[in-house]
Amino acid sequence: MVAPSAAAAAPAPVDPLSLPEPPKDRPQERMAWLTTILEHHNYLYHTLDKPIISDDQYDALFRELKVLEEDHPQWRSPHSPTLRVGGGLLGGLPKQRHRQRMYGLDNVFSAEEWQEFVARMQRALPEAPLAFWCDPKLDGLALEIIYEDGVLQQALTRGDGEEGEVVTEAVRTIRTVPLRLRGAGPFPERLEVRGEVVIYKKDFAAINERRESLGQKLLANPRNAAAGALRQLDVANTQQMPLRFLAYSLGEARWGQAAPCHFQHELATRLRDYGFLTPPDGKLCADPAAVEAYVESVRQGRADFPMEIDGAVAKQDDLEAQEALGFTARAPRFAIAFKFPAMQVHTRLTGIEIQVGRTGVLTPVAQLEPVAVGGVMVTRATLHNEDEILAKDVRVGDTVIVQRAGDVIPEVVGPVLEERPSGARPFEFPHICPVCGEPAHREPGEAAWRCGNISCPAVRLRSICHFVSKAGLDVQGVGQKWIEQLVSSGHVTSPEQLFRLTVQDLLPFDRMGDVLARKIVDAFDDARHNATLARLISALGIRHVGEQTARMLAAHFHDMDALAAADTQRLLELPDVGPEVASSIRSFFESPANQHMLAGLREAGLWPVAAAEPAEAAGESGPLQGKNILFTGTLSIARGKAKQLAEAAGAVVLGSVSKKLDILVVGENPGSKLEKAQSLGITVLDEAAFLDLLADRMDA
């Protein structure tokens, strides 16, 4: 480990205001000077909040630079402040792999769990120091910004951690992002700066106040607003949002001639020297007890932070120790997040609305007097089902406790009984569908009431929305609002009609032009030709058949005809299919309405076949051919990668432990699945044995 005294400081930055102003008859020198001066004033205004010139003075300098760049484009700097101005419409957001995976953080919720984390760290690396760098956990969008020799080159969202979306042009419009690192250099050859994009609470409140005055829909929360703004294809829209980037860590760092950082607290200082905002109130804590005190101080002052936070983060301060500790399959071993409980407020329950979902489920939704919960205005919250309402005894007119679970999803915790108004009556759950008026039913053992009318407008709408959604066919570029308009206008009453739409059918809709209409028609045409059998099965919305079961069915049946012909006994022979799932599949295919819809899909050309022969014949040379496998616990490789390896070897991946399971692969902290598998006599392998099995059988 490096001693603290060895930490090297970055070179002192040159004050741009001390640079001599070139005359206007030397345009190349003046352009370079204007670029430097404008970026300095941008840093003073947006990062330090300490402007020293007026907006008019800044605008005059900016206009001068813009004119010079138009006259002399060959001398335009790659980090000119004029590049921050959003312009053209992007054709799409390409994806790119991160050089180093962007991990999430594991959570602790108590002092005991924190102490156990420290103990695990010490067992893994006994010589690790016990000093930690701590800062608030920001509730924003994770981002990686890549600099080469001090100049911004690219920006990627976190995505799934392995691969993110390229949002470089949008990030250039964020005023707190330096286009060129501040200071005299030398700068690192490559520096991947990681942090969060946020919208401050005061800015978010102003946005919603303006939207409300214009009669526009209010934004749900700052995080979603930031994420949506950053992923805009029209970068001019991104520029209009008051986004801020706060930096807190690095991906790849090739320091070159620059002095490397050895400590997390030193890195925080270096990031500020380079011109970045960093999370407020960061602190170096000398020992685990000091970390606990810090976390409590952040918890107490949570409401005072300018941005939304949902916890605090503690990182091992020694960067060499961080590298030695490494990562689990999903999170670093050197850092942990203290998650704060959901924030709770009181408001009045003004009504209970019943919504109808795609499977006919009647879901009660609480209508609330608007109330801010953690900086987000909440007007609705789920009440789940009839039993939940009875158990909580919430009544219209009650003052209720509302919280945002995970600081995102609003829910009603319960009533404040001492404030209940006289005459408040228990809610009577309707036994008829509020949309179509048909009787609702509740099956034994279930909490939900359902509308059984497959022609119910609400069921039809939700079913078609599901059909095109990411969990269904994943039709790109066709949002739920367009589906709602198509269904409500009567243009579409069943999924197969989506594939008969023409540009002329779409043009009469508001805000629909030739280009968008053509994109929608092309999107459905693309889905018609490229949808997999698994996607189509999932899109049909068969009750109890999700994406994983759909993939399993597609592995065992050649096409939809083969699946429709399978009887209950054949279905029960499949992995992960019990009586309830088998009955649901048979009921779906026996319905005349569904048979009519499937005939329409076939006629429309949407009738995919399995990519290979059914599972019994597939993967005959695979080392796990015919085996049912399940993974549990934390693996060193991504869970998705492990499933791919198993499926490529001929196995079928199940979702739960049952007698049909052949192999359980366990990682760290496997939980109750291991005990159940052992009680059933199922073969249990650790990760190394699983990988060895694949390697040995393939070598053979």
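Residues numbered from 1 in each chain as written. Predicted model: local features only at pLDDT ≥ 70, side-chain atom pairs only at ≥ 80, totals over all residues. Heavy atoms only, no water.

The name an unreviewed UniProt entry gives the protein chain is DNA ligase, with Desulfovibrio piger as the organism. If you open the UniProt record of the protein chain and go to Sequence similarities (unreviewed entry), you find "Belongs to the NAD-dependent DNA ligase family. LigA subfamily." Taken from UniProt, the Catalytic activity (unreviewed entry) comment for the protein chain reads in full: "NAD(+) + (deoxyribonucleotide)n-3'-hydroxyl + 5'-phospho-(deoxyribonucleotide)m = (deoxyribonucleotide)n+m + AMP + beta-nicotinamide D-nucleotide." (UniProt positions renumbered as here; feature names shortened; annotations may be inferred.)

(A) A look at the overall build of the protein chain. From N to C terminus, the protein chain includes 24 helices and 22 strands. For the protein chain, whose C-alpha radius of gyration is 29 Å, the value lies close to the compact-globule estimate of 27 Å for 700 residues. With the C-alpha coordinates aligned to their principal axes, the bounding extent of the protein chain is approximately 85 × 65 × 65 Å. Here the protein chain holds 700 residues, and 47% of them are scored as buried. Here the contacts in the protein chain between residues at least 6 apart in sequence split such that 67% fall between residues at least 24 apart. By element, 51% of the accessible surface of the protein chain is carried by carbon and sulfur atoms, the whole surface being about 33,500 Å². Looking at the protein chain, you have 74 positive and 94 negative side-chain charges, and the mean spots of the two groups are 2 Å apart. (Helix = DSSP H or I, 4+ residues; strand = E, 2+ residues; numbered from the N terminus. Rg over C-alpha atoms; globule rule 2.2 N^0.38 Å. Buried < 20%, exposed > 50% of the residue type's maximum accessible area, 1.4 Å probe, protein only. Contact = heavy atoms within 4.5 Å. Areas by Shrake-Rupley, 256 points an atom, 1.4 Å probe, with all protein chains shown as cover. Lys, Arg positive; Asp, Glu negative; His and termini not counted. Charge placed at Lys NZ, Arg CZ, Asp CG, Glu CD.)

(B) Local environment of the domain arrangement of the protein chain. The assigned domain composition of the protein chain is domain 1 (16-84), domain 2 (107-339), domain 3 (344-441), domain 4 (457-604) and domain 5 (628-696). Tallying the contact residues gives 9 residues for domain 4 and 8 residues for domain 5. Around 580 Å² of area is buried between domain 4 and domain 5 when both sides are counted, 45% of it from carbon and sulfur atoms. Counting the surface domain 4 buries against domain 5, the share from its top three residues, Gln-548, Pro-575 and Asp-576, is 71%. Our count for the contact surface shared by domain 4 and domain 5 stands at 0 salt bridges. Inspection of the domain 4/domain 5 interface yields 3 residue pairs in polar contact (both at pLDDT 80 or more). Among the elements that line the side of domain 4 that touches domain 5, the one with the most residues is helix H17 (residues 547-556), at 3 residues. (Domains from an automatic or database assignment. Buried area = accessible area lost by both parts, 1.4 Å probe. Salt bridge = Lys/Arg side-chain N within 4 Å of Asp/Glu carboxyl O. Polar contact = N/O pair within 3.5 Å; in protein donor to acceptor, adjacent residues only side chain to side chain.)

(C) Representation of the sheet that holds strand S8 (residues 244-254) within the structure. The 4 strands lie next to each other as S5-S4-S7-S8, forming an open sheet whose pairing is antiparallel. Whereas interior strands pair on both sides, the edge strands pair on one side only; in this sheet they are strand S5 (151-157) and S8. Along the sheet, successive strands turn relative to each other by an average axial angle of 25°, direction set aside. As judged from the 6 bridges shared by strand S4 (residues 141-148) and S5, these two strands associate in the antiparallel manner. (Pairing = 2+ DSSP bridges. Axes fitted to C-alpha atoms, helices over the stretch in contact; angles between N-to-C directions.)

(D) Examining helix H3 (residues 111-124) more closely. The end-to-end C-alpha distance of H3, which contains 14 residues, comes to 20 Å, matching closely the 20 Å that a straight helix rising 1.5 Å per residue would cover. Trp-114, Phe-117, Val-118 and Met-121 are the residues of H3 that are buried. Take H3 and look down its axis: the buried residues cluster within an arc of 95°, on one side only. Exposed residues lying more than 90 degrees from the buried face of H3 are Glu-112 and Arg-123. Tucked into the core, H3 has its buried residues touching strand S2 (107-108), strand S3 (132-138), helix H9 (288-300), strand S10 (309-316), helix H10 (319-325) and strand S11 (335-339). (Expected span 1.5 Å × (residues − 1). Arc of directions from axis to C-beta.)

(E) View of the pattern of salt bridges. Under the defined criterion, the tally for this structure stands at 42 salt bridges. Here Arg-123 makes a salt bridge to Glu-116, at a shortest N to O gap of 3.1 Å. Classification of Arg-123 as exposed rests on a relative accessible area of 56%. With a relative accessible area of 35%, Glu-116 lands in the partly exposed category. Measuring nitrogen to oxygen at the nearest pair gives 3.3 Å for the salt bridge that ties Asp-203 to Lys-202. Ionic contacts of the salt-bridge type, sharing partners, join the residues Arg-99, Glu-148, Glu-189, Arg-190, Glu-192, Glu-252 and Arg-254 into one network.

(F) Geometry of the sheet that holds S10. Spatially, S2-S11-S10-S3-S9 is the arrangement adopted by the 5 strands of the open sheet, whose pairing is mixed. The open sheet has two edge strands with one neighbour each: S2 and strand S9 (283-285). When S10 meets S11, the two strands line up antiparallel, connected through 5 bridges. Residue pairing in the sheet places Lys-315 in a bridge with Ala-335 of S11. Strand contacts of H9: S3, S9, S10 and S11, with the helix running at about 25° to S3, the strand carrying the most contacts.

(G) Structural detail: the UniProt feature "binding site: NAD(+)" (unreviewed entry) in the protein chain. Taken from the UniProt record, the annotation "binding site: NAD(+)" (unreviewed entry) applies to Asp-55, Asp-56, Gln-57, Tyr-58, Asp-59, Asp-135, Arg-158, Glu-196, Lys-315 and Lys-339. Summarising the element assignment, Asp-135 is placed in strand S3. Not counting chain neighbours up to four residues away, the residues in contact with Asp-135 comprise Tyr-248, Pro-279, Gly-282, Tyr-294, Ala-312, Val-313 and Lys-315. Reaching out from Asp-135, the side chain makes a polar contact with the side chain of Trp-133 at a distance of 3.4 Å. Within the secondary structure, Lys-315 is located in strand S10. Aside from chain neighbours lying at most four places away, what touches Lys-315 is Ala-131, Phe-132, Trp-133, Asp-135, Tyr-248, Gln-264, Gln-322, Phe-334 and Ala-335.

(H) Inspection of the packing of aromatic side chains at higher detail. In the structure shown here, the tally under the stated rule is 13 aromatic pairs. Between Trp-114 and Phe-117, the aromatic rings sit 5.7 Å apart at their centres with planes inclined by 25°, giving stacked as the arrangement. Of this pair, Trp-114 and Phe-117 both sit in helix H3, 3 residues apart, roughly one helical turn. In this structure Trp-114 comes out as buried when scored by relative accessible area, which is 0%. For Phe-117, a relative accessible area of 3% puts it in the buried group. With centroids separated by 5.1 Å and ring planes inclined at 70°, the aromatic side chains of Trp-114 and Phe-132 adopt a geometry described as edge-to-face. Separated by 18 residues along the polypeptide, Trp-114 in helix H3 and Phe-132 in strand S3 bring together distant segments of the chain. Like Trp-114, the residue Phe-132 is buried in the burial classification. Ring pairing ties together the aromatic residues Trp-114, Phe-117, Phe-132 and Phe-338, which thus form one cluster. The ring of Tyr-200 is capped by Arg-244, whose NZ or CZ atom sits 3.9 Å from the centre of that ring. In this structure, Arg-602 is placed above the aromatic ring of Trp-607, and the distance from its NZ or CZ to the ring centre is 4.1 Å. (Phe/Tyr/Trp six-rings, centres within 6.5 Å; stacked < 30°, edge-to-face > 60°. Lys NZ or Arg CZ within 6 Å of the ring centre and 35° of its normal.)

(I) View of the side chain of Glu-165. Assignment of secondary structure puts Glu-165 in strand S6 (residues 163-165). Note on Glu-165: relative accessible area 14%, which makes it buried. Ignoring sequence-local partners within four residues, the contact set of Glu-165 consists of Leu-93, Pro-94, Lys-95, Ala-155, Leu-156, Thr-157 and Arg-231.

(J) Focus on the pairing of S3. A large share of S3 lies buried, amounting to 7 of its 7 residues. Relative to S9, S3 runs antiparallel, the two being bridged by 3 bridges. Bridging from a neighbouring strand, Trp-133 pairs with Leu-284 of S9. With 7 bridges joining them, S3 and S10 adopt antiparallel strand pairing. Of the residues in S10, the one forming a bridge with Phe-132 is Gln-316.

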